[in-house]
Structure formats: C-alpha cells, structure tokens
Amino acid sequence: KDEHNDQFKIGSSVFGCSSDLVNDGTGNDGDNGVVAWSDEDFKSYQVKEGHAGPSEFLLKNGNMIYETTSPVLSEEDCDFFIKVAKQTIKDQRNIPTSNISDNEENTRKQVVSNSDLNEARLSQLPPEALQKLKGLLKNKLYPMLTSKFGMEDLTVYDGLILG
C-alpha cells in the first residue's frame, strides 16, 4: 500500500491526476478542452465475470473492454510522439560514460536499458513532450477512463513508447 501511494505521488507529479478535473467535466484551471465521452463513442465487449484480472471487482464495468469508435489521438499527435520517442531512444544510447566509475560501468553493462530495447520511457521524454502528454491525459484519457470505469483518482506511474 505504501509503495502504491509513493508511486501515485510520483506519477501525479509527472503526469497529473484525474482528480485534477472537477466534477462538471472542465479542468480546474478553466480549461474547456476536456472531452466529454458518451456511450456512443465506444464499442463494448464483455469478458466473462471473474476473468478480467485482479482489479475487475474494484472497477465499475471491470469485466468490460472498450474500443473507441474514432481515434483518441490525432495522426499529428502520434507522429509527434513517435518522433520524440525515437530521439529519446537515440539520446539515451549516447549518454557519455566518462563520469561513471568502473563498478557502475560493470553494473550498467549487465543491465539492459530501455533504449537498448528500443523503448522510450514516458518519464524521460523532453519537457515539451511531457507537457503535451499531460494535456492529452487531462483532456482525453483521464475523462475517458473515469467515465467508463468509475475511478476518480487515476494517474500514470510511467509508461513506454516502443520504437
């Protein structure tokens, strides 16, 4: 429980939190860009009760899978995040090791990094990309998840963009 709370605090500080939105569907800072989702925006599929994972019974509609009827992210948003992820992966691979001790270097060689796996960690994206991601979470993703699963306090711990 303490680990979850710690991760939640870290995630909230980096990615914001769904509880940053007020109940009327607008951002608490007066931002009117928040998307209001309706049932018509989704196709739904039911998973047999008891087969949807450990959180199934904690969520409203926990045994449902939802597919949006239209893209959530624009093609421009996708292109932006792909470009940023590729650059982040490249930058992570080129981190100089001159300031790393021999012991740390040996440890580092034994550990496979995200960039070695062609992954860009969301928390390591440049500030402008993090800001854009926070806006998408606040205006689209958190409201969507809140509306479908009834959770009021959501955040992202971290995530990956696969390159």
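Everything here concerns the structure above.
A short tour of the structure in this document, coming up. (Residues numbered from 1 in each chain as written. Predicted model: local features only at pLDDT ≥ 70, side-chain atom pairs only at ≥ 80, totals over all residues. Heavy atoms only, no water.)

**Considering helix 2 (residues 75–93)**
Part 1 of the argument: Between its first and last C-alpha atoms helix 2 spans 27 Å; for 19 residues at 1.5 Å apiece the expected length is 27 Å, and the two agree.
Part 2 of the argument: Listed as buried for helix 2 are D77, F81, V84, A85, T88 and I89. The buried side chains of helix 2 occupy one side of the element, clustering within an arc of 140° when seen end-on. Structural note: helix 2 exposes E75, E76, K83 and K86 on the side pointing more than 90 degrees away from its buried face.
Part 3 of the argument: Where helix 2 is buried, its residues meet strand 3 (119–121), helix 4 (127–149) and strand 4 (160–162). (Helix = DSSP H or I, 4+ residues; strand = E, 2+ residues; numbered from the N terminus. Expected span 1.5 Å × (residues − 1). Buried < 20%, exposed > 50% of the residue type's maximum accessible area, 1.4 Å probe, protein only. Arc of directions from axis to C-beta. Contact = heavy atoms within 4.5 Å.)

**Details of the side chain of D77**
Part 1 of the argument: Position of D77 among the secondary structure elements: in helix 2.
Part 2 of the argument: According to the relative accessible area criterion, D77 is buried, its value standing at 11%.
Part 3 of the argument: Ignoring sequence-local partners within four residues, the contact set of D77 consists of K132 and L136.

**Regarding the nonpolar core**
Part 1 of the argument: F15, F81 and L125 are the most contacted members of the largest nonpolar core, which totals 17 residues.
Part 2 of the argument: Sorting the residues of this core by element identifies helix 2 and helix 4 as the ones contributing at least two each.
Part 3 of the argument: Tallying contributions element by element places helix 4 first for this core, with six residues.
Part 4 of the argument: Dropping the residues within four chain positions of it, F81 is found in contact with L125, A129, K132, L133, L136 and I161. (Core = buried A, V, L, I, M, F, W, Y, C linked by side-chain atoms within 4.5 Å.)

**Some details on the packing of helix 2 against helix 4**
Part 1 of the argument: For the pair helix 2 and helix 4, the least separation of the axes is 11 Å and the interaxial angle reads 145°. The two elements helix 2 and helix 4 cross, and the hand of that crossing is left-handed. Each of D77, F80, F81 and V84 in helix 2 lies in contact with helix 4, whose residues at this interface are A129, K132, L133 and L136.
Part 2 of the argument: Across the contact of helix 2 with helix 4, the residue classes break down as six nonpolar, no polar and two charged. (Axes fitted to C-alpha atoms, helices over the stretch in contact; angles between N-to-C directions. Left-handed = near helix turned anticlockwise from the far one by under 90°. Nonpolar A, V, L, I, M, F, W, Y, C, P; charged D, E, K, R; others polar.)

**A few points about helix 4**
Part 1 of the argument: Of all the bends in helix 4, the greatest, near 45°, is centred on L137.
Part 2 of the argument: Looking at the residues trailing helix 4, positive phi occurs at G150, about 70°. (Bend = angle between axes of the 7 residues up to and from the residue.)

**Regarding the packing of helix 1 (residues 2–15) against helix 4**
Each pair of packed helices can be summarised by the angle the axes make with each other and by the distance between the axes.
Part 1 of the argument: Where helix 1 contacts helix 4, the axes come no closer than 9 Å and their chain directions differ by 105°. With respect to helix 4, the element helix 1 is oriented roughly perpendicular. Taking contact as the criterion, the partners of S13, V14 and F15 in helix 1 are, on helix 4, L130, L133, K134, L137 and Y142. (Parallel < 35°, antiparallel > 145°, perpendicular 65-115°, else oblique.)

**Structural notes on the packing of aromatic side chains**
Part 1 of the argument: Applying the stated criterion across every chain, the model contains four aromatic pairs.
Part 2 of the argument: Centre to centre, the rings of F80 and F81 are 5.1 Å apart; their planes meet at 80°, and the pair counts as edge-to-face.
Part 3 of the argument: For F80, a relative accessible area of 24% corresponds to the partly exposed category.
Part 4 of the argument: Residue F81 is classed as buried on the basis of its relative accessible area of 8%.
Part 5 of the argument: The rings of W37, F42, Y66 and F149 are connected pair by pair, giving a single aromatic cluster.
Part 6 of the argument: Directly above the ring of F80 sits K132, whose terminal nitrogen or CZ lies 4.8 Å from the centroid. (Phe/Tyr/Trp six-rings, centres within 6.5 Å; stacked < 30°, edge-to-face > 60°. Lys NZ or Arg CZ within 6 Å of the ring centre and 35° of its normal.)

**Quick look at unusual backbone geometry**
Part 1 of the argument: In this model, N61 sits at a positive phi of 60°, which is unusual for a non-glycine residue.
Part 2 of the argument: Considering the arrangement of structural elements, one finds N61 in the loop between strand 1 (42–46) and strand 2 (64–68).

**Describing the environment of H4**
Part 1 of the argument: For H4, the location among the structural elements is in helix 1.
Part 2 of the argument: H4 gets classed as partly exposed once you look at its relative accessible area, which sits at 40%.
Part 3 of the argument: Placed 153 residues apart in sequence, H4 and Y157 show a C-alpha to C-alpha distance of 9.3 Å.
Part 4 of the argument: There is a polar contact of 2.2 Å between the side chain of H4 and the side chain of Y157. (Polar contact = N/O pair within 3.5 Å; in protein donor to acceptor, adjacent residues only side chain to side chain.)

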